[in-house]
Amino acid sequence: MKKTAKIVILSIVIVSMLVAAFLGFMAWKQGTLLQGKLVFAKSFDAGSKVNHIIITNKDGVIELKQVEGYWRLPKYNDYYADFGVIKNFFDNLNSSAYLVKVPDGDKKLADFLLLNPVENLENSGAGTLIQIYTDDVLLDSVIVGMRDTEKGYFLARHADSDNVWLVGGSYDFPSEVKMWLPSPILEIPLSAVEMLGVDGNLISRRMSIEDFHDRLGLSVNVSWLFHNLSSLDVYGVMPEDEFVAKYSDAKLAKIYDISTFYGLRFELDLYKTEDNQAWLNIKLSTDSIALSAVSDYIKDNLFLYEGWYFQISPRQRDYLMSYTLL
């Protein structure tokens, strides 16, 4: 009996050692296979079929959907996401690769900011969860944590794995959904402006190096006005039909008419609602001397403005609503 027991115990020890060795080999093999591979490999392979992204972090949820070739923000009534931000985001996803696997003994998910934010949203150790879909099919689910301060790499792991990796790429994309809106919504370089009208009152100049002058010949400084117009703080976006239905009482309270030296015109209509909100509608047009490039510009950019209303911040609302030339 004693001999049999020893054989059983020895067999168990040998089997345990073999299992441990096998698991260690598999972990080593996995590390070897992943090193140098793309973090979002399935999304890369899916290419243009990727049409839904959800990013979750301590600041909330950012949802992006591709509609007719454009990435939209459902939180803002499917308005367009900033093209530059989208490009940088996908450039990173399509190039970010596994570099070095973090040794198991060093793994502290909370310290690395790699806890799943869906499960630990209130936890300071939560990271940023990036989920990439084709329709309803989840392709990749990756949690990105803290940055390596020395070389700028990021710590990351797949949501279904505790294996931590240093990965290449830049994950410094906006953390709040509002910051994915086009910025600026409107950009009118002051140097390009020939004439400005505010509620029918006009100032103009003949050359960009001149000051603006009113009808009495007095110089008018409009630099702060154009600073505000080119840095609008947008709180909400609404398509025209919804705006009309929701704010049937809205009154046109201010009109800015801006003409440029090359024939592009902007009409900015500010509406005030009964609950004291200010919504901006932007119209693009040309004058009789417009260059063909201006018509092309309008053709390419009209969809960003036509049929859309933008809610602006209370601070800018007060400034723009009260602004006068005379």
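What you see as residue numbers is a count from 1 along each chain, following the sequence as written. Reporting in this predicted model follows two pLDDT cut-offs: at least 70 for local features of residues, and 80 or more for side-chain atom pairs to be given and counted; totals over whole chains, interfaces and linings ignore these cut-offs and use all residues. To obtain the side-chain values, all non-hydrogen atoms of the structure were included, while hydrogens and water were left out.

1. What about the nonpolar core?
Put simply, the test is: Think of a nonpolar core as a cluster: buried Ala, Val, Leu, Ile, Met, Phe, Trp, Tyr and Cys residues, connected wherever their side-chain atoms sit within 4.5 Å. Each residue is placed in one exposure class: buried if its accessible area under a 1.4 Å probe, protein chains only, is under 20% of its type's maximum, exposed if it is over 50%, and partly exposed if it falls in between. Numbered from the N terminus, helices here are DSSP runs of H or I no shorter than four residues, and strands are runs of E no shorter than two. In what follows, residue pairs with any heavy atoms lying within 4.5 Å of each other are defined as contacts.
Counting residues in each nonpolar core, the largest one holds 71 residues, and the members touching the most others are Tyr 79, Trp 180 and Leu 196. Here this core takes 5 residues from helix H3 (residues 83-93), the largest share from any one element. Setting aside chain neighbours within four positions, we find Leu 196 in contact with Asn 201, Leu 202, Ile 203, Val 222, Leu 225, Phe 226, Tyr 256, Asp 257, Ile 258 and Leu 325.

2. Notes on the packing of aromatic side chains
Note the cut-off: Stacked, tilted and edge-to-face pairs are distinguished by plane angle, under 30 degrees for stacked and over 60 for edge-to-face with tilted covering the rest, among Phe, Tyr and Trp rings (Trp via its six-membered ring) whose centres lie within 6.5 Å.
Scanning the model with the defined rule gives 25 aromatic pairs in all. Aromatic pair Phe 173 and Trp 180: ring centres 6.1 Å apart, planes at 55 degrees, arrangement tilted. Exposure class is identical for Phe 173 and Trp 180. Each is buried. Seen from their ring centres, Phe 243 and Trp 279 are 5.6 Å apart, and the 55 degrees between their planes marks the pair as tilted. Of the two residues, Phe 243 sits in helix H5 (residues 240-246) while Trp 279 sits in strand S17 (residues 278-286), which places them 36 residues apart along the sequence.

3. Focus on the pairing of strand S11 (residues 201-204)
Our working definition: Should DSSP find at least two bridges between two strands, the strands are regarded as paired.
In this structure, strand S10 (residues 193-198) lies alongside S11, joined through 4 bridges in antiparallel fashion. Residue Val 198 lies in a different strand from S11, and its bridge partner there is Asn 201. Counting the residues that bridge the hairpin from S10 to S11 gives 2 residues, and of these Asp 199 lies at a positive phi of roughly 55 degrees.

4. Let's talk about the environment of Ser 208
Summarising the element assignment, Ser 208 is placed in the loop between S11 and strand S12 (212-213). Using a relative accessible area of 40% as the deciding quantity, one classes Ser 208 as partly exposed. The sequence separation of Ser 208 and Phe 261 amounts to 53 residues, and the corresponding C-alpha distance is 8.4 Å. Leave out the neighbours within four places in its chain, and Ser 208 touches Ser 191 and Phe 261.

5. Structural notes on the sheet that holds strand S5 (residues 98-101)
Spatially, 9 strands are ordered S4-S3-S2-S1-S6-S7-S8-S9-S5 in an open sheet, and the strand pairing comes out antiparallel. Here the strands that pair on one side only, and so sit at the sheet edges, are strand S4 (79-80) and S5.

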